[in-house]
Amino acid sequence: MTTKDNTPTLGVIIPCYNEKDVLQLTIEALCRFFEEWQAKKLIAKDSFVLFVDDGSSDDTWEQIERVHAQDSRFRGLKLAHNVGHQNALFAGLVEGHTVADCVVSMDADLQDDVSVIEQFLARFAEGNDIVYGVREDRQSDSWFKRTTAQGFYRFIDWLGVETVYNHADYRLMSKRAVETLCAHPERNLFLRGIVPSLGFQATEVTYTRHERQAGESKYPLRKMIALAWDGVTSFSVRPIKLLFLLSLFMLIVSVGFVGYALYQRYEGETMDGWTSLMMSIWFIGGLQLFGIGLIGEYIGKIYQEVKRRPRYVVEKIRE
Ligand code: UDP
Ligand code: MG
């Protein structure tokens, strides 16, 4: 809905899961920036914020309804149950992009520097369909999170998955980029892998990531590992190929072992073979289990994909 003077309508999409402690701060910050950007004619009057309540059990939704009643620029989408950050964000993009020229996805906790959206909009005006927010450093993260995250980015890069280094989900996308994203039917969402594969003209803007402004992280280690695992197995079949190479290597080793065992028997020292026998039983048994487990993981993915279940269920909309 570009207005006559080409000012774009911006939609800011924010997934929220039990964010009662920080939501008011986020609303105030966005209110201030919206006023500023509208005054500078960077965004159109009908620009909006869309909060996606990802099945919160606290009063996040009540807060969203309250602000919506006061200020219709704040909209809400309530999902019937918790589907996780990636799916909630996807729901917001699907619902929000139809009435916007570009959308920015960000977290509810103000870790992403909101003022940077101004630079996103400038890059968008220059003709970029995707603008990635890239973290300057990871000083605001704990040592553990920093090391594991960077290790993960290197690992996934080595696996051949194209991602943007130090970029989480703080990004601007044009309407047509989101339309293309919506055409992806996969259920195991790893947006950081899918978005670069869309192929639109893209650029990066660096920013400093702050500490969470209030409340606690909704991404415990369990969810971080699940996301990393989805990233690997949804995008790369290299683990299966590595397994194949490993099994070839094992074949060569076992041929050597057979030769050794026969030689031992010839020498009349078969009693000594007990150790090596036990070792091979354990090692090959373990390897087989690993292989079955890994293949099972991919079959599990196929199983989820073929069901074509809806990614999320919308319970209420405030627009
Ligand atoms: N989030 C969500 N559903 C979930 C977990 C998280 O919508 O199941 C949202 C959360 O409300 C926040 C964003 O995802 O807006 C990122 O979460 P968080 O800031 O807790 O992660 P961290 O920054 O600690 O990695
Ligand atoms: Mg956060």
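Everything here concerns the structure above.
Model, not experiment: these values are computed from the prediction. (Residues numbered from 1 in each chain as written. Chains lettered and ligands numbered in written order. Predicted model: local features only at pLDDT ≥ 70, side-chain atom pairs only at ≥ 80, totals over all residues. Heavy atoms only, no water.)

Colleague: When you look at the overall build of the protein in this model, what are you seeing that I'm missing?
Modeller: In terms of regular secondary structure, the protein is built from ten helices and eight strands. Its C-alpha atoms give the protein a radius of gyration of 25 Å, clearly above 20 Å, the size a compact globule of 319 residues would have. Across its three principal axes, the protein shows a C-alpha extent of roughly 90 × 40 × 40 Å. For the protein, the residues scored as buried account for 45% of the 319 residues in total. In the form shown here, the protein has an accessible surface area of approximately 16,800 Å², with 60% of it arising from carbon and sulfur atoms. Between the averaged position of the 36 positive side-chain charges in the protein and that of its 42 negative side-chain charges there is a distance of 3 Å. (Helix = DSSP H or I, 4+ residues; strand = E, 2+ residues; numbered from the N terminus. Rg over C-alpha atoms; globule rule 2.2 N^0.38 Å. Buried < 20%, exposed > 50% of the residue type's maximum accessible area, 1.4 Å probe, protein only. Areas by Shrake-Rupley, 256 points an atom, 1.4 Å probe, with all protein chains shown as cover. Lys, Arg positive; Asp, Glu negative; His and termini not counted. Charge placed at Lys NZ, Arg CZ, Asp CG, Glu CD.)

Colleague: Even after reading the chapter, I still don't get empty space enclosed by the protein, so can you show me in this structure?
Modeller: Following the criterion strictly, the structure yields one cavity of 30 Å³ or more and no others. Its boundaries defined by the atoms lining it, the largest cavity holds a volume of some 30 Å³. Lining the largest cavity are M106, D107, D112, A168, D169, Y170 and R209. A breakdown of the residues in the lining of the largest cavity according to their chemical character gives three nonpolar, no polar and four charged. (1 Å grid on protein atoms, 1.4 Å probe; cavity = no way out; pocket = protein on both sides within 12 Å on 5 of 7 lines; lining within 4 Å. Points joined across faces, edges and corners; volume = space filled by probe spheres on them. Nonpolar A, V, L, I, M, F, W, Y, C, P; charged D, E, K, R; others polar.)

Colleague: Just checking my understanding: could you explain the coordination of the magnesium ion (ligand 2) for this structure?
Modeller: A metal bound by six donors in octahedral fashion has ideal angles of 90 or 180 degrees, whereas one bound by four tetrahedral donors has an ideal angle of 109.5 degrees. Protein coordination of the magnesium ion (ligand 2) is provided by D109 (OD) and Q111 (OE1), with donor distances spanning 1.9 to 2.0 Å. Owing to a relative accessible area of 12%, Q111 belongs among the buried residues under this scheme. (Donors = N, O, S within 2.8 Å, 3.2 Å for Na, K, Ca; no water.)

Colleague: When you look at the pattern of salt bridges in this model, what are you seeing that I'm missing?
Modeller: Two side chains with opposite charge may pair up if their charged atoms get near one another. According to the stated counting rule, one finds 17 salt bridges in the structure shown. Between D129 and R176 there is a salt bridge; the shortest N-O distance is 2.7 Å. Of this pair, D129 sits in the loop between α4 (117-125) and β5 (130-135) while R176 sits in helix α6 (residues 175-182); the two residues are 47 residues apart in sequence, bridging distant segments of the chain. Relative accessible area serves as the criterion here: at 6%, D129 is assigned to the buried category. Several salt bridges share partner residues, and in doing so they unite E19, D109, R212 and K218 into one network. (Salt bridge = Lys/Arg side-chain N within 4 Å of Asp/Glu carboxyl O.)

Colleague: Mind showing me how you'd approach the state of the cysteines here?
Modeller: Linking two cysteines covalently via their sulfur atoms produces the bond known as a disulfide. Here the structure, examined in full by the defined rule, presents zero disulfides. Looking at C31, it has no disulfide partner, and the nearest cysteine sulfur is the one in C16, 15 Å off. No disulfide involves C182; its sulfur sits 15 Å from that of C102, the nearest cysteine. Judged by relative accessible area, which is 27%, C182 ranks as partly exposed. (Disulfide = S-S within 2.5 Å.)

Colleague: Which parts of the structure should I look at to understand the nonpolar core?
Modeller: Grouped burial of nonpolar side chains is what soluble globular proteins tend to show. Membership of the largest hydrophobic core comes to 34 residues, with the highest contact counts inside it found for L10, I14, F51, I117 and F120. Top element by residues in this core is helix α1 (residues 23-39). It accounts for seven residues. For I14, the contacting residues outside a window of four places in its chain are T26, L30, V49, L50, F51, V52, M106, D107 and A108. With 28 residues, the next largest nonpolar core counts I13, V164, L189 and L191 among its residues. (Core = buried A, V, L, I, M, F, W, Y, C linked by side-chain atoms within 4.5 Å. Contact = heavy atoms within 4.5 Å.)

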